[in-house]
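So you can see what is in the structure, the chains are spelled out below.
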Amino acid sequence: MSVIALLTDFGLKDHYVSQMKGVILSINENAKIVDITHEIEKYNVYAGAFILYLAAKFFPKGTIYVAVVDPSVGSERKPLLIDAKGGFFIGPDNGLLMLAAKEKGITAVYQLLNTKYFRKEPSSTFHGRDIFAPIAAYLSLGVSPKEFGEQITSYEAPSFIEAKVERDKILCEVIYIDSFGNIITNATPFHLEKLTLSLGDWINLRIKNKKYKINFSKSYFNVKKGRLLALIGSHGFLELAINSGNAAKNLKVKSGDKIVLEKI
Amino acid sequence: MSVIALLTDFGLKDHYVSQMKGVILSINENAKIVDITHEIEKYNVYAGAFILYLAAKFFPKGTIYVAVVDPSVGSERKPLLIDAKGGFFIGPDNGLLMLAAKEKGITAVYQLLNTKYFRKEPSSTFHGRDIFAPIAAYLSLGVSPKEFGEQITSYEAPSFIEAKVERDKILCEVIYIDSFGNIITNATPFHLEKLTLSLGDWINLRIKNKKYKINFSKSYFNVKKGRLLALIGSHGFLELAINSGNAAKNLKVKSGDKIVLEKI
Amino acid sequence: MSVIALLTDFGLKDHYVSQMKGVILSINENAKIVDITHEIEKYNVYAGAFILYLAAKFFPKGTIYVAVVDPSVGSERKPLLIDAKGGFFIGPDNGLLMLAAKEKGITAVYQLLNTKYFRKEPSSTFHGRDIFAPIAAYLSLGVSPKEFGEQITSYEAPSFIEAKVERDKILCEVIYIDSFGNIITNATPFHLEKLTLSLGDWINLRIKNKKYKINFSKSYFNVKKGRLLALIGSHGFLELAINSGNAAKNLKVKSGDKIVLEKI
């Protein structure tokens with residue numbers, strides 16, 4: 001029994017997500033549908049790609065991921081099925097699937113063309129329901145990926161800026177802010193090692209034209225309540241957080257903001 | 001294995017939805033529960049009926065729908081089970097179930113009376129948990145609809161205002177605003193055809209004492225980002241939207257607002 | 001097939017909940033995962049304990065509850081598994097599990113120590129994913145509770161203030177405000193009986209230095225729309241509500257606020 005895992009920016013108040021689930025269950029009543037999230041910021045392909053990447057690391061082998069953050073639905077952008085080591089990714093060709101699929105290892109990318117597996121008269125505005133959901137359901141029934149379309153070699157890949165180390169400084173940026181207000185950056189243990197940073201060391205942090213002296217700690221509780229700290233989060237990236245507080249609100253930080261880190 | 005699909009205005013932060021699920025699983029541990037949504041605007045029976053109608057079109061035959069937007073719980077309003085072609089609808093007699101049930105075709109309507117299938121000492125404030133959830137669970141186990149109460153022929157039906165065409169103008173209104181800010185109206189392709197409107201045509205839109213000239217397009221991307229357009233949405237109704245933007249916020253529109261459309 | 005019921009303060013927009021589900025399904029692909037809620041107010045152990053208590057009353061025997069509201073994750077606070085009559089509770093030793101577990105009857109409390117059942121290299125910041133989720137999954141596969149750690153007899157218990165009756169007055173406080181704005185207090189029918197209060201009686205309510213005369217009713221509809229009333233809610237506690245309105249907003253009340261009730 002394959003898991004079908006859904007990620008969208010549709011929110012939960014409307015009919016969109018339930019229609020996708022209804023379509024899947026109408027084709028495969030035994031499908032095991034799991035929500036990754038439907039609260040991706042509207043139209044934010046970058047955030048969707050990042051959350052899909054983090055979630056897909058932990059799902060069972062063979063999981064079928066359906067992801068829809070699709071501002072150009074109805075245009076010429078292609079509908080895709082990616083056959084990857086350990087899972088399948090279905091969604092629009094706008095980079096949304098690529099972080100996760102590359103992490104697993106891409107075996108083949110198919111453009112979805114076989115309308116036999118689409119809903120009849122698919123809409124121009126909701127491929128999630130009319131193309132991606134039924135393809136996922138048929139795939140979960142054992143239809144071969146090749147059946148759904150033609151293999152392609154050219155597709156959108158998101159260009160995420162990598163952190164870098166220059167003159168003993170880490171130059172990185174905010175890639176995601178979670179619901180706790182934790183600030184997730186694109187710096188990793190790889191960059192911290194270059195600065196020979198160890199747990200307990202102090203860091204000069206520059207962000208939004210302000211400077212903070214913060215501790216590099218193991219967990220939130222290592223600093224007093226209300227204090228800013230840096231840590232490697234459970235996602236594997238450098239995170240700026242406030243113990244029992246909201247770092248992003250306090251620092252007035254948003255995705256894309258530049259950060260400079262320096263060992264003291 | 002029947003699907004039990006839930007729709008309420010309970011929100012997700014409290015215990016209400018989980019208690020309903022607990023009750024269902026305590027009676028039928030194999031029940032396949034799917035959330036349509038629990039984010040219907042509080043007490044908005046109209047919005048609940050509309051979303052239930054849109055969702056139910058896509059669920060498998062035999063689905064048991066439990067819907068609770070129930071401002072008059074504990075009053076004399078009847079608890080209902082509707083046996084419809086293709087599914088069962090359980091909820092209060094306030095019109096909530098009727099759009100969806102009529103669309104499928106009503107076979108019989110039962111007033112729920114057989115307390116044997118209620119929870120013991122049902123509360124006056126939470127029939128979702130104490131009456132509707134257990135009835136749904138027993139129904140999913142194969143208990144006959146007739147077992148739960150008596151057939152009735154008089155029940156509330158929602159009176160949704162229909163759009164109309166007068167002197168080459170469509171007079172319609174806003175029936176729902178989705179989480180993207182898309183404005184869904186009660187006009188349909190039927191009304192557009194009367195105006196001989198085709199894709200690419202221009203429309204004069206009057207709403208909230210303002211006038212807009214907008215294109216009737218196939219999908220959002222057909223106009224520039226930030227531009228207002230009209231299209232037939234994936235729900236089958238005329239929708240006013242802004243490409244990658246929030247039309248309802250920009251136009252300061254809410255459900256019930258009147259709209260006049262005219263071909264240019 | 002055991003139900004695994006999840007309660008957290010993680011919200012739904014991020015990857016946290018989905019990673020927990022992925023971990024569970026990777027260990028037991030047949031696990032039946034049900035969300036109680038993930039919208040507990042951040043870091044509010046008290047609110048989490050209360051909702052878990054209310055939900056757990058209605059789930060099937062044998063349900064495995066995983067609850068994570070865990071501001072001191074990564075500190076010395078212990079990870080627990082509670083074997084209770086009718087279910088298992090997994091989560092941090094901060095009182096979160098105790099209201100629900102005590103209600104069911106605690107058989108044994110185990111400190112989770114056997115790293116064989118943890119994820120490899122568990123993080124210091126996300127025990128929900130790295131310790132609690134895998135333990136729940138292995139438990140659902142039939143591993144004995146004793147396998148996971150050592151029985152302990154000392155653990156945190158939340159100290160919830162009880163309502164009391166003094167000189168014909170009920171002194172109570174707000175313990176929870178639901179998404180309707182209903183104000184749930186720690187007074188129960190036990191306290192009301194001491195005042196010989198019956199349905200239809202009038203009450204003097206003092207809260208936030210204001211005084212209200214309200215009716216003790218059976219359900220919301222018993223008073224006019226917009227009117228404040230008192231009733232025993234479906235949760236079994238005395239609730240202050242406004243028919244079709246938001247009592248907490250109107251009275252500017254929050255959890256912990258003191259209330260005095262007096263029969264007129």
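Here the structure is a predicted model, which is why all the values come from computation and not from measurement. Position numbers for residues start from 1 in each chain and track the written sequence from start to end. Whichever chain is written first is A, and whichever ligand is written first is 1; the rest continue in order. Confidence filtering applies because this is a predicted model: local features only for residues at pLDDT of at least 70, side-chain atom pairs given and counted only at 80 or more, and all residues used for totals across whole chains, interfaces and linings. To obtain the side-chain values, all non-hydrogen atoms of the structure were included, while hydrogens and water were left out.

(A) Representation of the interface of chain C and chain A within the structure. Taken residue by residue, the interface counts 31 residues in chain C and 32 residues in chain A. As used here, buried area is the combined drop in accessible area, with a 1.4 Å probe, of two parts when they are placed together. Between chain C and chain A, roughly 2,700 Å² of surface is buried when both sides are summed, and carbon and sulfur atoms account for 57% of that area. The rule for a salt bridge is simple: a side-chain nitrogen of Lys or Arg has to be within 4 Å of a carboxyl oxygen of Asp or Glu. Along the contact surface separating chain C from chain A lie zero salt bridges. Helix and strand definitions here come from DSSP, where helices need a minimum of 4 consecutive H or I residues and strands a minimum of 2 consecutive E residues; each element is numbered from the N-terminal end. With eight residues, helix 1 (residues 16-27) of chain C is the largest single contributor of residues to the side of chain C that touches chain A. Each residue is assigned to one class: nonpolar for Ala, Val, Leu, Ile, Met, Phe, Trp, Tyr, Cys and Pro, charged for Asp, Glu, Lys and Arg, and polar for all the others, Gly among them. Per-class residue counts for the side of chain C that touches chain A are 10 nonpolar, 12 polar and nine charged. The contact criterion used is simple: two residues touch if any of their non-hydrogen atoms lie within 4.5 Å.

(B) Region of the structure containing the relation of the copies chain C and chain A. Note on the identical chains: chain C maps onto chain A by a rotation of 120 degrees and an axial translation of 0.0 Å, with an RMSD of 0.0 Å. In short, the pair behaves as if placed about a three-fold rotation axis. For chain C, the residue whose C-alpha comes nearest the rotation axis is Lys32(C), separated from it by 5.5 Å. Taken together, the interface assignments show that only 6% of the residues at the interface of chain C recur at the interface of chain A, consistent with different surfaces on the two copies. Least-squares superposition of the copies uses the C-alpha atoms of those residues scoring a pLDDT of at least 70 in each of them.

(C) A look at the pairing of strand 13 (residues 228-232) of chain B. All names here are of chain B. In terms of burial, strand 13 is largely enclosed, as four of its five residues are buried. By definition, two strands form a pair when at least two bridges between them are found by DSSP. In the sheet, strand 12 (residues 210-216) pairs with strand 13 via two bridges, with the strands oriented parallel. Bridged to Asn215 within strand 13 is Leu229. Here five bridges tie strand 13 to strand 14 (residues 238-242), and the two strands are oriented antiparallel to one another. When the sheet's bridge partners are listed, Ala230 is paired in strand 14 with Leu240. Between strand 13 and strand 14, which pair antiparallel one after the other, the connecting turn spans five residues, and Gly236 there sits at a positive phi close to 95 degrees. Think of it in three bands: with a 1.4 Å probe and only protein chains considered, a residue is buried below 20% of the maximum accessible area for its type, exposed above 50%, and partly exposed in between.

(D) Spotlight on the interface of chain B and chain C. Each side of the interface is counted separately: chain B has 31 residues, and chain C has 32 residues. Between chain B and chain C lies a buried interface of about 2,700 Å² when both sides are counted; carbon and sulfur atoms form 57% of it. Counting across the interface, chain B meets chain C through zero salt bridges. Examining the composition of the side of chain B that touches chain C, we find that eight residues originate from one element, helix 1 (residues 16-27) of chain B, more than from any other.

(E) Structural detail: the relation of the copies chain B and chain C. For these two chains of identical sequence, chain B goes onto chain C by a turn of 120 degrees and a shift of 0.0 Å along the axis, with RMSD 0.0 Å. A distinct binding surface is used by each copy, with only 6% of the interface residues of chain B retained as interface residues in chain C.

(F) Spatial organisation of the pattern of salt bridges. The full count for this structure, using the stated rule, is 33 salt bridges over all chains. Here Lys21(B) makes a salt bridge to Asp35(B), at a shortest N to O gap of 2.9 Å. Of this pair, Lys21(B) sits in helix 1 while Asp35(B) sits in strand 2 (residues 32-37), and the two are 14 residues apart along the sequence. By relative accessible area, which is 8% here, Lys21(B) ends up buried. The partner of Asp70(C) in a salt bridge is Arg77(C), with the nearest N and O atoms 2.7 Å apart.

(G) How the structure looks around the sheet that holds strand 5 (residues 87-92) of chain C. Residues and elements named next belong to chain C. What the seven strands build is an open sheet, ordered 2-1-3-5-4-6-7; its pairing is mixed. Each end of this open sheet is capped by a strand with a single partner; those strands are strand 2 (32-37) and strand 7 (149-152). On average, adjacent strands in this sheet sit at an angle of 25 degrees to one another, irrespective of strand direction. Inter-axis angles, ranging from 0 to 180 degrees, are taken between N-to-C directions of lines fitted to C-alpha atoms, where helices are fitted over the stretch in contact. The strands that helix 2 (residues 45-56) touches are strand 1 (3-8), strand 2, strand 3 (63-68) and strand 5; relative to strand 2, the one it contacts most, it runs at about 130 degrees.

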